[in-house]
Amino acid sequence: MTEANKQGRPFDDIRDLVRTMPPVDGVSADDLGAIFKTLGRGLRPLGTLEGALTEIARIQGGQLPRLSRPLIAVFAGTHGVASQMSDADIIEASKARVVSLTEGAAAVRGMSSDLGAAFKVYEFGLEYPSADFTREPSLSERDCAAAIAFGMEVVAEGADVIILGNAGYGAATAAAGIAMSLYGGAANYWAGGQAAKARISSVEAGIEAHSGHLDDPLDTLRIFGGRDIAGMIGAILAAGHQRIPVLLDGYVSCAAAAVLHAIDPKSVAHCIASHCSAEPAHDALLSRLQLSPILDLGINIGDGTGGAMALSLLKTAAAGLTTLKDG
């Protein structure tokens, strides 16, 4: 634990938010089970989607799930560790990713329009990369807490469900560092197998450099995470306090949830895994979080695309429940 933590700032405010997270105690699964049973004479026409729809309704505290005001929130930042894996200008590469999402032919934008979802990219200092964690912590404790606070602004959009994606340059490497720090194991297990040698060596170097400072999940976050991942943690916390379900999209968003899960598993009870991506360790991370993905389609991008696909399926299934009101 850092000296700042001992003095009561700035991470203590974050711990207070985790500690005071409201429980998921809405309509019971039995009540919703009775509703589902009426739909198909006991034949379960919605199949395993019943589970996700039940969770959404329970999180929201209503009898039926509400999916009419979705938000696809994509968090983007520049990670200094990316310089270990590319000779490119990491700031310009980070900006190019955001431009491709906001102005280019990104599939998730078309999906958001079709779903009637708000789509917003949250930029976390693209021109100010976090430090290279192989040499020093990505962020100071104060900067990390500030990024968490900025991420909490996601709830101001008034969404009834949030898809949480990421387009941070170097974020997958940061996520691998977080996962290895929290759960142990080998770098090549969390950092992408033998095809990602630079990522693996960076994670190994980061773990070795900070081995005496990884007992606290929030310290793990500031050492490896960068501003965008810290912001995602703020988004998850704020959504939980507002009883808004979060559909996690991809490896990076699940790594953000893992930090909170390590502090208190109940703090991510409002999070649902939208899909299992092609990132090699994503399924292992979902297992640690005890989450079962709605979809497993081999999607290899974490910018909200898989979450949008899952939401489309959930909205279609939820439409079947309206027959109970209209019939």
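You'll find the structure just up there.
Residues numbered from 1 in each chain as written. Predicted model: local features only at pLDDT ≥ 70, side-chain atom pairs only at ≥ 80, totals over all residues. Heavy atoms only, no water.

Student: How should the layout of surface pockets be read in this particular structure?
Tutor: If you roll a probe as big as a water molecule over the atoms, it shows you where there is empty space left. Estimates place the volume of the largest pocket at around 620 Å³. Along the walls of the largest pocket sit 27 residues, with Arg 97, Gly 168, Ala 172, Asn 300 and Gly 302 positioned nearest its centre. Counted by class, the lining of the largest pocket contains 13 nonpolar, 10 polar and four charged residues. Lining the second largest pocket are 18 residues, with Cys 271, Ile 272, Gln 290, Leu 291 and Ser 292 positioned closest to its centre. For the lining of the second largest pocket, the elements supplying multiple residues, two or more each, are helix 4 (49-60) and strand 5 (271-273). It is helix 4 that contributes the most residues to the lining of the second largest pocket, four residues altogether. Looking at the lining of the second largest pocket residue by residue, the classes come out as 12 nonpolar, five polar and one charged. (1 Å grid on protein atoms, 1.4 Å probe; cavity = no way out; pocket = protein on both sides within 12 Å on 5 of 7 lines; lining within 4 Å. Points joined across faces, edges and corners; volume = space filled by probe spheres on them. Nonpolar A, V, L, I, M, F, W, Y, C, P; charged D, E, K, R; others polar. Helix = DSSP H or I, 4+ residues; strand = E, 2+ residues; numbered from the N terminus.)

Student: Please clarify how the pairing of strand 3 (residues 161-166) should be interpreted in this entry.
Tutor: Each regular strand displays side chains that alternate between the two surfaces of the sheet. Counting buried positions along strand 3 yields six of six residues, so the element is predominantly enclosed. Pairing geometry for strand 1 (residues 70-77) and strand 3, over six bridges, is parallel. Across the sheet, the residue bridging to Phe 75 is Asn 166, located in strand 3. Pairing between strand 3 and strand 4 (residues 246-248): three bridges, direction parallel. (Buried < 20%, exposed > 50% of the residue type's maximum accessible area, 1.4 Å probe, protein only. Pairing = 2+ DSSP bridges.)

Student: Quick question: what am I supposed to make of the packing of aromatic side chains here?
Tutor: For any pair of aromatic rings, the description rests on two quantities: the centre-to-centre distance and the angle between the ring planes. This model, assessed by the stated rule, comprises six aromatic pairs. Ring geometry for Phe 124 and Phe 150: centres 4.8 Å apart, planes at 65°, overall edge-to-face. Residue Phe 124 is located in strand 2 (residues 118-124), and its partner Phe 150 is located in helix 7 (residues 141-151); the two are separated by 26 residues in the primary sequence. A residue is classified by how much of its surface remains accessible, and Phe 124, at 5% relative accessible area, is buried. Consider the rings of Phe 133 and Phe 224, whose centres lie 4.8 Å apart with planes at 70°: the pair is edge-to-face. Here the residue Phe 133 occupies a position in the loop between strand 2 and helix 7, and Phe 224 occupies one in helix 11 (residues 217-224), the gap between them amounting to 91 residues. (Phe/Tyr/Trp six-rings, centres within 6.5 Å; stacked < 30°, edge-to-face > 60°.)

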